Amino acid sequence: MRVRRRGATRAAAPSRVRRGVLLAELLCALALAGLLAAACGLALGGARRAMAAAEARARAERAGREALEVAATLVRDADSVTVLGDTAVALRTRVAHGVVCGRDAASLTLPPPRSALHAWGQAPEAGDIVRVLVRDSLLGTRRWVESPIDSVMERAGESPCATGEFVATATAPRLRLVLSPGGAALGSAVVPGSVVRVSRPGRLALYRGGDGAWMLGWRRCAHGACGAVQPLAGPLRSAAQGGLRAAPGSDGLRLAVRVPGLEAAMEALVRRSDAGR
């Protein structure tokens, strides 16, 4: 017969160890993970959209600046500038300059292009305009007279341009500019040593490319007709949306362009050089 001692404690029952995860806890964890993933996705999407918008704006600003710089360069050094309906500009860009070393009734002869008496950026071509600075025998003032070029040919180093101040270039080939029938109007005031400039007529305007975008282009014009367009910069807005605007003023030519993606116009004031004066 067992006798329980007074004060003896009852043996503790073994504790049950909790194993696994409840379904409710798993669902909560999945919901939190989904919320975090969605928040991260929204943040990344917003950052990506902001970066794309910044890149698009940078491209638009770059296109606008490039269009203004190209147009300003052409206008600044042009021999003449004419605004056509405020959406296009007719220009005569300078091709060559120097002095006349010989002339006859229908042509002018220029010294060799590598001599100190003649320089060019491009070779003169038919359709270009030759301008000669002459002195008025009555008033004593100087003025420009001009004539279109009918053809250009190279001639060997013989007279003219083989005597006097041109003797150093006697053996080098030189250019003979055959003038259009109106060239006889240059008159007898054009003599060897007269300053001459050759300019190329053209037009700066908007055109629509094959992809539908509006671009700034250049058309070379000869004998009153303009040829194929050459792309310069863009894309810009259409002419109706103010893609290109030009306005003459007392302080120079004001140019403005509008590009897709930017509300405000980009503007520049161009002061012409003395190229054609």
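Everything below is about the structure printed above this text.
Remember, predicted model here, so these are calculated numbers, not experimental data.

Undergrad: Can you break down the packing of aromatic side chains residue by residue, with the values?
TA: Within a pair of aromatic rings, the relevant descriptors are the distance that separates the centres and the angle that separates the planes. All told, the structure shown has zero aromatic pairs when counted by the stated rule. Between Arg131 and the ring centre of Trp144, over which it is positioned, the NZ or CZ distance is 4.6 Å.

Undergrad: Now, about the state of the cysteines: what can you tell me, with residues and values included?
TA: In protein structure, a disulfide is the covalent linkage between the sulfur atoms of two cysteines. Considering all chains together, one arrives at one disulfide under this definition. Each sulfur in the disulfide pair Cys221 and Cys226 lies 1.9 Å from the other. The S-S bond linking Cys221 to Cys226 shows a torsion near 85 degrees; that makes this disulfide right-handed. Taking the relative accessible area as the measure of exposure, Cys226 reaches 35% and is therefore partly exposed.

Undergrad: Break down the pattern of salt bridges for me, citing the residues and quoting the values.
TA: Side chains that differ in sign of charge can pair as their charged atoms come close. Summed over the entire model, instances satisfying the criterion amount to nine salt bridges. Put simply, Arg200 and Glu125 hold a salt bridge, and the shortest N to O gap is 3.9 Å. In this pair, Arg200 is assigned in strand S9 (residues 195–208) and Glu125 in the loop between strand S5 (118–120) and strand S6 (129–135), connecting sequence segments 75 residues apart. A relative accessible area of 8% means that Arg200 is categorised as buried. Classification of Glu125 by relative accessible area gives partly exposed; the value is 35%. Across the pair Arg200 and Asp128 runs a salt bridge, and its minimum N-O distance is 2.9 Å. With Arg200 in strand S9 and Asp128 in the loop between S5 and S6, the pair connects residues that are 72 residues apart, well separated along the chain. Salt bridges here are not isolated pairs; linked through shared partners, they connect Asp79, Arg92, Arg131 and Glu146.

Undergrad: Can you lay out a nonpolar patch on the surface for me, pointing to particular residues and giving the numbers?
TA: Taken together, the side chains of Leu23, Leu26, Leu27 and Leu30 define a hydrophobic patch exposed on the protein surface, amounting to about 420 Å² of accessible area. The exposure class of Leu23 is exposed, given its relative accessible area of 60%.

Undergrad: Could you give an account of the side chain of Thr93, naming the residues involved and the relevant values?
TA: Tracing the sequence through the fold places Thr93 in strand S2 (residues 88–99). Excluding its chain neighbours within four sequence positions, the residues that come into contact with Thr93 are Leu74, Val198, Ser199, Arg200 and Trp218.

Undergrad: Describe the sheet that holds strand S14 (residues 266–270), with residues and values.
TA: Strand pairing in a sheet relies on backbone hydrogen bonds. The paired strands run either parallel or antiparallel. One open sheet holds the three strands; their spatial order is S12-S13-S14, and the pairing between them is antiparallel. Since the sheet does not close on itself, it has two edges, and those belong to strand S12 (244–249) and S14, each with one partner. The average angle at which neighbouring strand axes cross in this sheet is 15 degrees, direction not considered. In this structure, strand S13 (residues 252–257) lies alongside S14, joined through five bridges in antiparallel fashion. Within S14, the position partnered with Val257 by the bridge is Met266. Contacting S13 and S14, helix H1 (residues 23–76) crosses the sheet at an angle of about 15 degrees to S14.

What counts, and where the lines are drawn
Residues numbered from 1 in each chain as written. Predicted model: local features only at pLDDT ≥ 70, side-chain atom pairs only at ≥ 80, totals over all residues. Heavy atoms only, no water. Phe/Tyr/Trp six-rings, centres within 6.5 Å; stacked < 30°, edge-to-face > 60°. Lys NZ or Arg CZ within 6 Å of the ring centre and 35° of its normal. Disulfide = S-S within 2.5 Å. Buried < 20%, exposed > 50% of the residue type's maximum accessible area, 1.4 Å probe, protein only. Salt bridge = Lys/Arg side-chain N within 4 Å of Asp/Glu carboxyl O. Helix = DSSP H or I, 4+ residues; strand = E, 2+ residues; numbered from the N terminus. Patch = residues over 30% accessible without salt bridge, like charges linked within 9 Å, V, L, I, M, F, W, Y side chains within 5 Å. Areas by Shrake-Rupley, 256 points an atom, 1.4 Å probe, with all protein chains shown as cover. Contact = heavy atoms within 4.5 Å. Pairing = 2+ DSSP bridges. Axes fitted to C-alpha atoms, helices over the stretch in contact; angles between N-to-C directions.

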